[in-house]
Amino acid sequence: MDLQRVDDAVNKRIRAMVERVEDAQSANLYYYNQPITEMRGGARVLVRGREMGMFASYSYLGLIGHPRINAAAKAAIDKYGTGTHGVRSLAGSLELHTELEQTIADFKKAEAAVTYTSGYVTNLTVISTLMGRHDYVFSDKLNHASIVDGCLMSGAKFVRFKHNDLEDLAKQLEAAPGDSAKLVIADSVFSMDGDIIDLPRMVDLCQQHNAWLMIDEAHSIGVLGETGRGIEEHFGLGDVIDIKMGTLSKTIPSVGGYVAGKKDLITYLRHASRSYIFSAALPPAQAAAANEAFKVILDEPERIEKLRANGDQFISGLKERGFDTLYTETAIVPVVCGEDELAYAMTRECQEQDVFVLPVVSPAVPANLARLRATVTAAHEPDEINHAMDIIETAGKKLGVI
């Protein structure tokens, strides 16, 4: 092996990224990784000494800082300390972990649940543990990177179907060998576009083709369904998803990921998934915070109603102002700008007027579809949303986006 050539290739990739970052910084167009020095309620933050309206938050129900959740985390530290003794199967499992998993199972109307240290890790380990060579995984083309990486890591035949195109999925399933193990996987709410997967049709196809169904509910817990239980409730369906995946770091203001499903599935994952066996347990405060958050969602349904009203206001208001918001129907609202440079410039204009939004550019989204990935939460008031839309409109007109 030519070690110098390998080293040169690595250095070339590193340098290309560094130059891209430096170019953006020198043009005053770099807005990633900004330090937030203070949280001022669910809808405002202090950044670089300036108070800004937060329109980039994943805290859809505005639960960050909720007194019940904070109190649960503090009590867990007082009782258990700040960490665990290691991996749960050997040294690190606490009563808190068991209680959290039972809470998740009850919330998702499943037999059992297991938690992991991040949502990304959850997708990576669950897919690669369940699937292997000679198996088939069918993934929506716009699925999250963690799903894609899990599919690739599994070694299974990786088949991507057109975004939310269930006729294309049907064709792909028809073409797969009838005796192979099959897994169909999709986001419930797509993280860059805000649209919802056609779950009823997907369920029918999985039943017809004897395929397992896994749905990533990172952006639908607390968002979809009358009580916030997610996509099954949203469509009025019962227990139709085999592998119910979600995160504990968005609507749930903690950290981690989970899978809920049948007891046998969960038992298998506890004893076969490497990220469970070889990763330390969730810290006590984070487990306690997540556990209490699920209870708060059920106890305060008005948050879900307000989130929906805020989302409708934001989407309709931006459309009326001439913006393309694609097919969103949730709190994730893409504001399409076109070229990457326009998305950066829109961010600059908005942040200079104290509206905290961030750009998403290629390759995270297709070329010429760079956007502001804006969000609203239940913590926003209607006048705050109107103000943000006015700022975005002014920026859009100045830069020729609208």
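Bear in mind that the values here come from a model prediction, so they are computed numbers and not experimental data.

Asks: Which parts of the structure should I look at to understand the sheet that holds strand β2 (residues 44-47)?
Replies: By way of backbone hydrogen bonds, the strands of a sheet pair with one another, either parallel or antiparallel. Across the sheet, 4 strands lie side by side as β1-β2-β3-β12; this open sheet has mixed pairing. In the strand order of this sheet, the two ends are held by β1 (36-39) and β12 (355-356), each with one partner.

Asks: Sorry if this is basic, but what is going on with the side chain of D193 here?
Replies: The residue D193 is located in the loop between β7 (182-187) and α8 (199-208) in this model. Side-chain polar atoms of D193 contact the side chain of R371, separated by 3.2 Å. Residues in contact with D193, not counting those within four places in the same chain, are L142, L326, Y327, T328, I332, P334 and R371.

Asks: Can you walk me through the environment of M131 in this structure?
Replies: By secondary structure assignment, the location of M131 is in the loop between α5 (119-130) and β5 (136-140). Residues M131 and C151, 20 residues apart in the sequence, show an inter-C-alpha distance of 8.1 Å. Not counting residues up to four positions away in its chain, the partners in contact with M131 are Y136, V137, S154, A156, A181, K182 and L183.

Asks: I tried to follow helix α14 (residues 340-352) on my own but got confused; where do I start?
Replies: For an α-helix, the turn length of 3.6 residues means that residues three or four places apart are oriented alike. Between its first and last C-alpha, α14 extends 19 Å over 13 residues, near the 18 Å set by a 1.5 Å rise per residue. Within α14 the residues assigned to the buried category are D340, A343, Y344, A345, M346, T347, E349, C350 and Q351. Of the residues one or two after α14, D354 is the one with positive phi, at around 65°.

Asks: Help me understand the environment of N291, please; the structure alone is not making it clear to me.
Replies: Inspection of the secondary structure assignment puts N291 in helix α12 (residues 284-299). For N291, a relative accessible area of 5% puts it in the buried group. Beyond its immediate sequence surroundings of up to four residues, N291 is in contact with E99, L100 and T103.

Asks: Whenever I open this one, the environment of N386 confuses me. Can you help?
Replies: Along the polypeptide, N386 turns up in helix α15 (residues 382-399). Here the alpha-carbon distance between N386 and L318, two residues 68 residues apart in the chain, equals 9.6 Å. Setting aside its immediate chain neighbours within four residues, N386 contacts Q313 and R321. A polar contact is formed between the side chain of N386 and the side chain of Q313, at a distance of 3.2 Å.

Asks: What is the right way to look at a positive patch on the surface in this model?
Replies: A surface patch of like charges, here positive, comprises K141, R160, K162 and K171. With respect to the helices, strands and loops of the structure, R160 is situated in strand β6 (residues 157-161). Overall, the relative accessible area of 41% leaves R160 in the partly exposed class.

Asks: Would you mind going over the nonpolar core with me for this structure?
Replies: Generally speaking, nonpolar side chains in soluble globular proteins are found buried as a group. Ranked by size, the top nonpolar core spans 89 residues in total, and within it M202 and F314 carry the most contacts. If one sorts the elements of this core by residue count, α12 sits on top with 9 residues. Here F314 is in contact with F55, V333, A374, T375, V376, I385, M389 and I392, once residues within four sequence places are set aside. Of all hydrophobic cores here, the second largest spans 21 residues; its members include A156, M245, L265 and Y276.

Asks: Help me understand the pattern of salt bridges in this model?
Replies: Any two side chains of opposite charge can pair, on the condition that their charged atoms come close. Taken as a whole, this structure holds 26 salt bridges when the rule is applied. With a closest N to O distance of 2.7 Å, K306 and E381 form a salt bridge. A residue pair is termed long-range when its members are at least 10 positions apart, and K306 in helix α13 (residues 302-320) and E381 in the loop between β14 (370-375) and α15 qualify at 75 residues. The exposure class assigned to K306 is partly exposed, which follows from its relative accessible area of 27%. With a relative accessible area of 36%, E381 lands in the partly exposed category. With a shortest N-O distance of 2.7 Å, D390 and R321 are connected by a salt bridge. Here D390 is found in helix α15, whereas its partner R321 is found in the loop between α13 and β11 (332-338), with 69 residues between them in sequence. Given a relative accessible area of 36%, D390 falls into the partly exposed group. One network of salt bridges, in which partners are shared, links E111, E232, D239, K244 and K262.

The rules behind each value
- Each residue is numbered by its place in its chain's sequence as written, counting from 1.
- Totals for whole chains, interfaces and linings use every residue, but because this is a predicted model, local features are given only for residues with pLDDT of at least 70 and side-chain atom pairs only at 80 or more, for both listing and counting.
- Where side-chain values are given, they derive from all heavy atoms of the structure, hydrogens and water being excluded.
- Pairing between strands requires that DSSP locate at least two bridges from one strand to the other.
- Only DSSP runs of H or I covering at least 4 residues are called helices, and only runs of E covering at least 2 are called strands; the numbering of each starts at the N terminus.
- For the purposes of these results, a polar contact is taken to be a pair of N or O atoms within 3.5 Å, where, inside protein, one atom must be able to donate a hydrogen and its partner to accept one; residues adjacent in sequence count only when each atom of the pair is a side-chain atom.
- Note on contacts: a residue pair is in contact if any heavy atoms of the two residues lie within 4.5 Å.
- Given the number of residues in a helix, its expected span is that number minus one, multiplied by 1.5 Å.
- Per-residue accessibility, obtained with a 1.4 Å probe over protein chains only, is compared with the maximum for each type, and a residue is labelled buried under 20%, exposed over 50%, and partly exposed between these values.
- Residues enter patches when they are more than 30% accessible in relative terms and free of salt bridges; like-charged ones are connected within 9 Å and nonpolar ones (Val, Leu, Ile, Met, Phe, Trp, Tyr) within 5 Å.
- Only the protein chains shown count as cover for residues, and the accessible areas themselves come from Shrake-Rupley with a 1.4 Å probe.
- When a carboxyl oxygen of Asp or Glu lies within 4 Å of a side-chain nitrogen of Lys or Arg, that pair is called a salt bridge.
- In this count, Lys and Arg are taken as positive residues and Asp and Glu as negative ones, while His and the chain termini are left out.
- Charge positions come from single atoms, namely NZ of Lys, CZ of Arg, CG of Asp or CD of Glu.
- Nonpolar core, defined: a set of buried Ala, Val, Leu, Ile, Met, Phe, Trp, Tyr and Cys residues in which side-chain atoms within 4.5 Å join the residues together.

So yeah, pure geometry; function would need other evidence.
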